[in-house]
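Below, each chain spelled out in residue letters.
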Protein chains: 4
Amino acid sequence: MVESVRRVCAVLVDRANYGRMHPVMRAIQADPDLDLLTVCAGTMLLERFGQAEKIVSADGFKIDGRVFLEVEGSIPATMAKSIGLGVIEFSTEFQRLQPDMVLLIGDRYEALAAAIAAAYMNIPLAHIQGGEVSGSIDESARHAITKFAHLHFPSTKRSAEFITRMGERPDTVFNVGCPSGDYIRSLDTSLPADLFAKTGVGGPLSADNPFFLVIYHPVTTHFGSERQQIQQLIDALAELAQPTLWIWPNIDAGADDISKALRTYREHNRADWLHLVKNLDPITFQKCLKKTICAIGNSSSFIRDSTFSGTPVVLVGARQTGREHGGNLIAVPPQKRSIMDAIRSQVTHGRYPISNLYGDGEASMRMIEKIKSFQPYRQKMLHYVSEN
Amino acid sequence: MVESVRRVCAVLVDRANYGRMHPVMRAIQADPDLDLLTVCAGTMLLERFGQAEKIVSADGFKIDGRVFLEVEGSIPATMAKSIGLGVIEFSTEFQRLQPDMVLLIGDRYEALAAAIAAAYMNIPLAHIQGGEVSGSIDESARHAITKFAHLHFPSTKRSAEFITRMGERPDTVFNVGCPSGDYIRSLDTSLPADLFAKTGVGGPLSADNPFFLVIYHPVTTHFGSERQQIQQLIDALAELAQPTLWIWPNIDAGADDISKALRTYREHNRADWLHLVKNLDPITFQKCLKKTICAIGNSSSFIRDSTFSGTPVVLVGARQTGREHGGNLIAVPPQKRSIMDAIRSQVTHGRYPISNLYGDGEASMRMIEKIKSFQPYRQKMLHYVSEN
Amino acid sequence: MVESVRRVCAVLVDRANYGRMHPVMRAIQADPDLDLLTVCAGTMLLERFGQAEKIVSADGFKIDGRVFLEVEGSIPATMAKSIGLGVIEFSTEFQRLQPDMVLLIGDRYEALAAAIAAAYMNIPLAHIQGGEVSGSIDESARHAITKFAHLHFPSTKRSAEFITRMGERPDTVFNVGCPSGDYIRSLDTSLPADLFAKTGVGGPLSADNPFFLVIYHPVTTHFGSERQQIQQLIDALAELAQPTLWIWPNIDAGADDISKALRTYREHNRADWLHLVKNLDPITFQKCLKKTICAIGNSSSFIRDSTFSGTPVVLVGARQTGREHGGNLIAVPPQKRSIMDAIRSQVTHGRYPISNLYGDGEASMRMIEKIKSFQPYRQKMLHYVSEN
Amino acid sequence: MVESVRRVCAVLVDRANYGRMHPVMRAIQADPDLDLLTVCAGTMLLERFGQAEKIVSADGFKIDGRVFLEVEGSIPATMAKSIGLGVIEFSTEFQRLQPDMVLLIGDRYEALAAAIAAAYMNIPLAHIQGGEVSGSIDESARHAITKFAHLHFPSTKRSAEFITRMGERPDTVFNVGCPSGDYIRSLDTSLPADLFAKTGVGGPLSADNPFFLVIYHPVTTHFGSERQQIQQLIDALAELAQPTLWIWPNIDAGADDISKALRTYREHNRADWLHLVKNLDPITFQKCLKKTICAIGNSSSFIRDSTFSGTPVVLVGARQTGREHGGNLIAVPPQKRSIMDAIRSQVTHGRYPISNLYGDGEASMRMIEKIKSFQPYRQKMLHYVSEN
């Protein structure tokens, strides 16, 4: 069907992107009809976020382009400026690499920048994880990316339906499931005993004993209230004082306030319960998520990936409001008492049955087939018109 | 209802924007509960596009910000880079002006840049003319802007319905009609006899005698085929050799090829029939559109504004495919014979009855009321979720 | 001489800038013939550098513009990109503010960005501290700024001579002295006893007891060797284990490695001797510099400002090679033993006599007079031509 | 001496750059110890300036990078923004290409952008044509580039001396002559009879009959007075009404006013004497300069290259004030009468003897030797210090 080898450019904008994208990248690499190009961008390149590009390289992927785009400030205006710089830089890379398709994931502003560059350059755009619903500005960015995309790979039946209802051509929308489901189910949970002796800062932590796993990102649409929210979460966990693996937040506006609260807490308290890391490679992260007695915070991974492992989750605050989730999740407002109660309840309950809500483990293969048989087109049109 | 005066920032990114926006700006100016801020951007500031900002100033509007953003090149990659620079610059202006609302119109990349800056800065965004359908990358940009907007002012019933179907909250979508309809119906068609002696280049043209009106923009999704298309149009009009008022194209990727074809034609032909202008003020433009015996090309104005005046229109090519239009329009492919036949047919037919498809002349007032009573919110959410 | 009030735009790009510029700003403010405009840029706006703009505001200066320009990465390429973004943003601010003169200081890349914007916009540029000699890329930037400047305010006789030798018109070069000299001599050294209880992190520190003061910035032209250098310095100070006030480094390429070394040290060691602060207001900083028993590192302040107070200084590494200094300084390579020996020697020696090398305390007044009597010109020309 | 092949990145920012650089590029290409990388930037990529990159490709050079950087506006602020965008984009290209040396020429803002990117990225910078003196902002930019450069290739003895006097290390400054001298002397002046039938617009022009050659660029430091100056020049030439080959101006702030004056003149006058071209390939251009009976305007080429051919030149206005020139040149203010008188005088005089002021034709070879034996260093230092 494909006449020549199709060059697919995978765009990775943060550590979580790579966690979901790598099975697809592997499958592209293995397919003789496809060539993989990899562009790393945003926090993947930054030391203070663990420089996840090194993991990509270590996994054997050649990095064909690097896009530095983060303008410092951690306020909404600099977040916007980062998008602007991102569009400028992604168009330079795409102009040079001349891919036949750009493949990206999710809803981050860095991904929006890449989507705009690709769409205005008439490069077909494939989008993973469209159609989901959440809080933060990501909600708008995700759907805007959908409006620029030519090929849609949602992770759930509902997301696929929502994309079609938004006016996308049904023959371009494929519910393939989330590619992280392709490898999480089969992962064992063995981890080196001394893992956290070598990684991160803070109190001692052994992966062999029960621990909490925490990620808490800012909610950009609530910019200005981060400090108060994170304090409630810290207070709750400090009172519980169980060994806790905490991953630093992403770079969204407001993240500086969250980081500062964590640093301030550590400065003024003996906090042996708290172990902080910048980043984990995707496999190690998923093992930790499988192994933790409770995942706490507002990472989309806790909603999505936890369905593959049945991990008990306490979802805190508004960042994921509206996102589909399994039965393994208790949602609470960012208040100390509610958080503590929910954690205790989840620890008591223990592991939940796994679910197929976010796919059955064949996402990558399905995507590869659709990417290969995709008939390139440039001009999109609201599908309602053909219906009318 | 409004506690303090609400600062509304009107963003104007090209001459056509201002033609539609100025009745709304006038109404905002006149309302004691609202303050008008005006930001001029893109080609409005450029001499080679007639520097429309001067018309804005001459009309008595204070210009509070200027955004230079066009990166030269006239190729898709530089169009993308212009968006990037635009996001950077608009966020600087919004950070400084601190508006309570950003108001913008349409689907151009410059407007997309402003929409992204506003949305990521948590400034409520009101969008005029969402929900329409067309060709070119504008189709995608228009709907992406919808996904960032908090308040929607579509121009037709169908557009309003499409916006709601795309998942926007119905209580934020108001079919107000197109604001250009607020003044076009009542315009007389008197024009200074020597108007074109002082404006533009080329053959003599009298507004008192029958003339054609032509605008032809590139179709970015067909980038690379402009030269061939424009040549067919020039050839058709050269053969007809009627006095023709032609307005230079916008700045989209491919526009250089269109301009070059026009310049080359003029260089090698005695072309007394052809009079070229960079720009007309909105009133003069609308009078010309009312007066022309046939409007030819692919400007959205020919579809929309012509319904208010019953002007016969020959729509050429794919740029407006899908857009709602009145009965006054014949659509043809960019081929010399088809164009000539359609023009002759329209000239024979003469004026059509006017239509209310794009509104009844009360758009501005309706918008003002909605802007004043708008309850600001930041967090958007796909409306389907509440339905489910 | 000046017909109307002259608008002078002071550009501040980091905490050190403000420490030197504020007496001049005060003098401009007080002069009826001059209006002060203040633009804060770069790290002055960033929380992780102590957001020095707050000190500027608290001191009663209105901030007329803010320029976010730092692109994250801490590598040479992102440092370059920050300059690019800076030129874009400074030209926006200058276009809006329309100053009659831009006044800036020193050799940082952010200042270079402002200088380029001003010069290409035909705004007369006044430059403080040109003609000095140092290591790092600052050496090149400083002289490049000189080549764009129309009015020169060097701090020493040698610097003035060097500027003239570089081909600047002698009637535009004025050895006024360093404006920090205008207030440092007369400062007392009283500090609140609990100052460091409220500011910074790390071990307890009392300003009443003897302490070391340390600042260590990267040397961009040695990019890649920071980690090794800083480790030698940390090891030296750890072995001495005297109470130490350490100010985090600036944002130059390589700074992340320095910060990381400090954080790693703190994580793995009980380091009661080490107290870290992001920033001090200029008065407090100068009091600390007056009070410390030894200043250690490579800040230009240790060379320049220490001459006004006779503070013993140990200069480490190549960053200031070539800069004029008083007799109060011992220069050593970045090696533990050399550093320790030099510190011990300086502590034994104690305070040095103060010197007039960097001025006699009248710099601000001299500048004001020259700014007021300056005859604006745009066209520069290498002075050698007129000599020949 | 060189251990491995040295990668030299030639940066070309406009048509004139390439005219001077191509003999050097040829020599690099031919040398087994050197690899040539070519980056085309700025107006070289733009259709409206004749897209000189096509000539580079046609001459057999691979283009390794393209930098779009021109922000539209033709005012000083957009010129500054273009520099900013240029620094961002050049650092992307240099980061990717990792050259061992960047080689650039002259004084344009695009070259300044490249110089800054290279210097901050610790890439050794070689600069051709430093140390010259002229008007416009180029005067400042040229010397600023010198302050960033590690290796200097001035074209005249005086320029070499000036660079050294500016504090550059004498062992890095080599008076090699201008590389355009390497091929101009030996060029014949044969041109296709129908050359101008196929190139450019306007009246007929035969290269076989006597003609004037005109280039007139804006003087940025006189921004605002272009219209008046160019009008004087047009009026002078219109009165003489000799066949004239006129090359459109560069992109500097003010160029739009010059172009507009030319277009307006053509629109309102029968101007058979005037033939306009966007660009000529370097060989054709030099043949025209050799052949013209008088070169008129303010291009630096008229000063420099005319010394190799003895062409009579009328230099108009302040743009080249201070630049060394041969005896073949009459300088006049931009006034109609003065221009006419000088042209008549030059035509009467006829060809002048050729001169070695700008070199003896061995520039490329000398540069290659110095590039090959160059000992890379990063840290510059004002040479006066070692003298003192």
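Cut-offs applied
- Residues numbered from 1 in each chain as written.
- Chains lettered and ligands numbered in written order.
- Predicted model: local features only at pLDDT ≥ 70, side-chain atom pairs only at ≥ 80, totals over all residues.
- Helix = DSSP H or I, 4+ residues; strand = E, 2+ residues; numbered from the N terminus.
- Rg over C-alpha atoms; globule rule 2.2 N^0.38 Å.
- Buried ≥ 20, exposed ≤ 12 C-beta atoms within 10 Å, placed from the backbone.
- Contact = placed C-beta atoms within 7 Å.
- Least-squares fit on C-alpha atoms with pLDDT ≥ 70 in both.
- Pairing = 2+ DSSP bridges.
- Axes fitted to C-alpha atoms, helices over the stretch in contact; angles between N-to-C directions.
- Nonpolar A, V, L, I, M, F, W, Y, C, P; charged D, E, K, R; others polar.
- UniProt positions renumbered as here; feature names shortened; annotations may be inferred.
- Core = buried A, V, L, I, M, F, W, Y, C linked by C-beta atoms within 7 Å.
- Parallel < 35°, antiparallel > 145°, perpendicular 65-115°, else oblique.
- Left-handed = near helix turned anticlockwise from the far one by under 90°.
- Expected span 1.5 Å × (residues − 1).
- Arc of directions from axis to C-beta.
- Domains from an automatic or database assignment.

### Considerations on the overall build of chain A
Now for step 1: Assigned secondary structure in chain A consists of 16 helices and 13 strands.
Now for step 2: At 20 Å, chain A has a C-alpha radius of gyration in line with the 21 Å of a compact globule built from 388 residues.
Now for step 3: In terms of overall dimensions, chain A has C-alpha extents of about 60 × 45 × 40 Å along its principal axes.
Now for step 4: Here chain A holds 388 residues, and 62% of them are scored as buried.
Now for step 5: Long-range contacts, defined as pairs at least 24 residues apart, comprise 71% of the intrachain contacts of chain A with a sequence gap of at least 6.

### Quick look at the relation of the copies chain D and chain C
Now for step 1: When chain D is fitted to chain C, the best match, at an RMSD of 0.0 Å, comes from turning it 180° and sliding it 0.0 Å along the axis. These values place the two chain copies in the arrangement generated by a two-fold rotation axis.

### Quick notes on the sheet that holds strand S7 (residues 201-202) of chain B
Consider a sheet: its strands pair through backbone hydrogen bonds, and that pairing is either parallel or antiparallel.
All names here are of chain B.
Now for step 1: Reading across from one edge, S7-S10-S9-S8-S11-S12-S13 is the order of the seven strands in this open sheet, with mixed pairing throughout. Taken across any chain shown, the strands that pair with only one partner, and hence form the sheet edges, are S7 and strand S13 (329-332).
Now for step 2: As judged from the four bridges shared by strand S8 (residues 212-215) and strand S9 (residues 244-247), these two strands associate in the parallel manner. Each bridged residue has a counterpart across the sheet, and for Phe 212 the counterpart in S9 is Thr 244.
Now for step 3: Packed on one face of the sheet, helix H14 (residues 336-349) meets strand S11 (294-297), strand S12 (313-316) and S13 and runs near 170° to S13.

### Here's the deal with the relation of the copies chain B and chain A
Now for step 1: Overlaying chain B on chain A yields an RMSD of 0.0 Å, the required transformation being a rotation through 180° with an accompanying axial translation of 0.0 Å.
Now for step 2: Both copies present the same face, since 100% of the interface residues in chain B are matched by interface residues at the equivalent positions in chain A.

### Concerning the interface of chain B and chain A
It is common to give the size of an interface as the accessible area lost on bringing the parts into contact.
Now for step 1: Contact with chain B, which involves 43 residues of that partner, is made by 43 residues of chain A.
Now for step 2: Counting only elements with at least two residues in the side of chain B that touches chain A, the list comes to helix H3 (76-97), helix H4 (109-120), helix H5 (138-148), helix H6 (157-165) and helix H16 (384-387) of chain B.
Now for step 3: Of the residues belonging to the side of chain B that touches chain A, the class tally is 25 nonpolar, twelve polar and six charged.

### A short note on the UniProt feature "domain: UDP-N-acetylglucosamine 2-epimerase" (unreviewed entry) in chain A
Now for step 1: The feature "domain: UDP-N-acetylglucosamine 2-epimerase" (unreviewed entry), as given by UniProt, occupies residues 26-372 of chain A in the numbering adopted here.
Now for step 2: The annotated region residues 26-372 of chain A carries 42% helix and 14% strand content, and the separation between its end C-alpha atoms amounts to 15 Å.

### A word on the nonpolar core
Now for step 1: Among the nonpolar cores identified, the biggest contains 482 residues, and Val 11 and Ala 115 of chain A, Val 11 of chain B, Val 11 and Ala 115 of chain C together with Val 11 and Ala 115 of chain D are the most heavily contacted of them.
Now for step 2: Excluding residues that lie within four positions of it along the chain, Ala 115 of chain D makes contacts with Leu 104, Leu 125, Ile 145, Phe 148 and Ala 149 of chain D.

### Description of the sheet that holds strand S12 (residues 313-316) of chain A
Residues and elements named next belong to chain A.
Now for step 1: Strand order in the open sheet made by the seven strands is S7-S10-S9-S8-S11-S12-S13, with mixed pairing throughout. Each edge of the open sheet is held by one strand with a lone partner, namely strand S7 (201-202) and strand S13 (329-332).
Now for step 2: Pairing geometry for strand S11 (residues 294-297) and S12, over three bridges, is parallel. Paired with Gly 297 across the strands is Leu 315, a residue of S12.
Now for step 3: Against the sheet, helix H14 (residues 336-349) contacts S11, S12 and S13, and its axis sits at roughly 170° relative to S13.

### Things to note about the packing of helix H4 (residues 109-120) of chain A against helix H5 (residues 138-148) of chain A
Residue and element names in this part refer to chain A.
Now for step 1: As a packed pair, H4 and H5 sit with axes 10 Å apart at the nearest point and diverge in direction by 15°. Compared by their axis directions, H4 and H5 come out roughly parallel. Here H4 runs over H5; the crossing is left-handed. Residues Tyr 109, Ala 111, Leu 112, Ala 115, Ile 116 and Ala 119 of H4 form the contact with H5, whose participating residues are Ala 141, Ala 144, Ile 145 and Phe 148.
Now for step 2: Across the contact of H4 with H5, the residue classes break down as ten nonpolar, no polar and no charged.

### Concerning the interface of chain D and chain C
Now for step 1: Across the boundary between the two partners, chain D contributes 42 residues, which contact 43 residues of chain C.
Now for step 2: Among the secondary structure elements, those contributing two or more residues to the side of chain D that touches chain C are helix H3 (76-97), helix H4 (109-120), helix H5 (138-148), helix H6 (157-165) and helix H16 (384-387) of chain D.
Now for step 3: Looking at which element gives the most residues to the side of chain D that touches chain C, the answer is H3 of chain D, with twelve residues.
Now for step 4: Classifying every residue of the side of chain D that touches chain C gives 25 nonpolar, eleven polar and six charged.

### Here we look at the packing of H3 of chain B against H4 of chain B
All names here are of chain B.
Now for step 1: Interaxial distance between H3 and H4 falls to 8 Å at its minimum, and their mutual angle equals 45°. The orientation of H3 relative to H4 falls into the category oblique. Regarding H3 and H4, the two cross each other, and that crossing is right-handed. Residue-level inspection shows Met 79, Ser 82, Ile 83, Gly 86, Val 87, Phe 90, Ser 91 and Phe 94 of H3 in contact with H4, the latter providing Tyr 109, Glu 110, Leu 112, Ala 113, Ala 114, Ile 116, Ala 117 and Ala 118.
Now for step 2: Looking at side-chain class alone, the contact of H3 with H4 contains twelve nonpolar, three polar and one charged residues.

### Observations regarding the pairing of S12 of chain A
All names here are of chain A.
Now for step 1: Side-chain alternation along S12 places Val 313 and Leu 315 on one buried face and Val 314 and Val 316 on a second face that is also buried.
Now for step 2: Bridge count between S12 and S13: four bridges; the pairing is parallel. Across the sheet, residue Leu 315 finds its bridge partner in S13, namely Ala 331.

### Observations regarding the environment of His 275 of chain B
Now for step 1: For His 275 of chain B, the position within the fold is in strand S10 (residues 274-277).
Now for step 2: It is 9.8 Å that separates the C-alpha atoms of His 275 of chain B and Ala 197 of chain B, two residues lying 78 residues apart in sequence.

### Things to note about H14 of chain A
Residue and element names in this part refer to chain A.
Now for step 1: Taking 1.5 Å per residue as the helical rise, H14 with its 14 residues ought to reach 20 Å, and the 20 Å between its terminal C-alpha atoms agrees with that figure.
Now for step 2: What H14 keeps buried is the set Ile 339, Ala 342, Ile 343 and Gln 346. Take H14 and look down its axis: the buried residues cluster within an arc of 100°, on one side only.
Now for step 3: Looking at the buried side of H14, the elements it contacts are helix H9 (226-240), S11, S12 and S13.
Now for step 4: Just downstream of H14 lies Gly 350, where phi reads positive at about 80°.

### Comments concerning helix H10 (residues 255-268) of chain D
Now for step 1: With 14 residues, H10 of chain D ought to run about 20 Å at 1.5 Å a step, and its terminal C-alpha atoms sit 20 Å apart, in line with that.
Now for step 2: Where H10 of chain D is concerned, the buried positions are Ala 255, Asp 256, Asp 257, Ile 258 and Leu 262 of chain D.

### Topic: the domain arrangement of chain A
All names here are of chain A.
Now for step 1: What the domain assignment reports for chain A is domain 1 (6-180 + 358-387) and domain 2 (195-349).
Now for step 2: Relative placement of domain 1 and domain 2: their C-alpha centres are 26 Å apart.
Now for step 3: Contact residues are listed per partner, giving 28 residues for domain 1 and 28 residues for domain 2.
Now for step 4: At the level of elements, helix H1 (15-30) and helix H3 (76-97) are the ones that each hand at least two residues to the side of domain 1 that touches domain 2.
Now for step 5: Sorting elements by how many residues they give to the side of domain 1 that touches domain 2 places H1 first, with five residues.
Now for step 6: Here the residues of the side of domain 1 that touches domain 2 sort into twelve nonpolar, ten polar and six charged.

### Observations concerning unusual backbone geometry
As a rule of thumb, non-glycine residues mostly have phi less than zero, and peptide bonds are mostly trans rather than cis.
All names here are of chain A.
Now for step 1: One non-glycine residue, Ser 74, adopts positive backbone phi at about 55°.
Now for step 2: Along the chain, the position of Ser 74 falls in the loop between strand S3 (65-67) and H3.
Now for step 3: A positive phi angle, near 60°, is found at Asn 122, a position not held by glycine.
Now for step 4: Tracing the backbone shows Asn 122 in the loop between H4 and strand S5 (125-128).

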